[in-house]
Amino acid sequence: MSLKSDMAVDISEVFLNTEDFGDVHVVDGNEIVAVFYDEEIQPNDPEFGLVSKKWTLQASSADMPPPRKPGATLEIDDRVYLVETWREELGMSVVSLSENC
């Protein structure tokens, strides 16, 4: 097997396997297996008590919608998040998101 095919197998059979790391999520109306986790809560404007929560979504690039630029929105499990970064890494989309709390 080639390195590319080995990595594709690892993505689906290990990292995105629902018995290991992956869970089923609805991303822009499509059900996919992804890893979705919160990173931290950061104050946006402490004077008014506004905070935002940081999230990371990792999924097979083949399952994801087209990449979005910072400032665009992405709907995950009926909630809307703001895209901060979207990068492709070895067949995986890694999306950093924020949500106002």
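To be clear, the structure that these remarks concern was listed above.
This is a predicted model, so every value here is computed, not measured.

**Q** Explain the overall build of the protein here, please?
**A** Helix and strand counts for the protein come out as 1 helix and 6 strands. N-terminal to C-terminal, the α/β element order of the protein is α-β-β-β-β-β-β. Every one of the 101 residues in the protein was classed for burial, and the buried ones make up 33%. Considering only residue pairs separated by 6 or more positions, the protein has 40% of its internal contacts joining residues 24 or more positions apart. Taken as a whole, the protein presents about 6,400 Å² of accessible surface, with 52% of it coming from carbon and sulfur.

**Q** How should I be thinking about the environment of isoleucine 32 in this particular structure?
**A** Take isoleucine 32: it is sitting in strand β2 (residues 30–45). When its relative accessible area of 6% is taken as the criterion, isoleucine 32 is described as buried. As a C-alpha pair, isoleucine 32 and serine 60 span 28 residues in sequence and 8.8 Å in three-dimensional space. Every residue in contact with isoleucine 32, bar those within four places of it in the chain, is listed here: Asp23, Val24, His25, Val27, Ala59, Asp63 and Met64.

**Q** Even after reading the chapter, I still don't get unusual backbone geometry, so can you show me in this structure?
**A** Backbone phi values are negative for most residues with the exception of glycine, while trans is the configuration of most peptide bonds. Residue aspartate 28 is not a glycine yet carries a positive backbone phi of 50°. Following the sequence through the fold, aspartate 28 ends up in the loop between β1 (23–27) and β2. Of note in the backbone geometry, aspartate 78 takes a positive phi value of approximately 65° without being a glycine. Along the chain, aspartate 78 falls in the loop between β4 (73–76) and β5 (79–89).

**Q** Please clarify how the side chain of glutamate 99 should be interpreted in this entry.
**A** Assignment of secondary structure puts glutamate 99 in strand β6 (residues 92–100). By relative accessible area, glutamate 99 is classed as buried at 9%. Here the side chain of glutamate 99 touches tryptophan 55 through a polar contact of 3.1 Å, side chain to side chain. Among the polar contacts listed, one links the side chain of glutamate 99 to the side chain of arginine 79, at a separation of 2.4 Å. Apart from the residues within four sequence positions on either side, glutamate 99 is in contact with Val51, Ser52, Lys53, Trp55, Arg79 and Tyr81.

What counts as what
Residues numbered from 1 in each chain as written. Predicted model: local features only at pLDDT ≥ 70, side-chain atom pairs only at ≥ 80, totals over all residues. Heavy atoms only, no water. Helix = DSSP H or I, 4+ residues; strand = E, 2+ residues; numbered from the N terminus. Buried < 20%, exposed > 50% of the residue type's maximum accessible area, 1.4 Å probe, protein only. Contact = heavy atoms within 4.5 Å. Areas by Shrake-Rupley, 256 points an atom, 1.4 Å probe, with all protein chains shown as cover. Polar contact = N/O pair within 3.5 Å; in protein donor to acceptor, adjacent residues only side chain to side chain.

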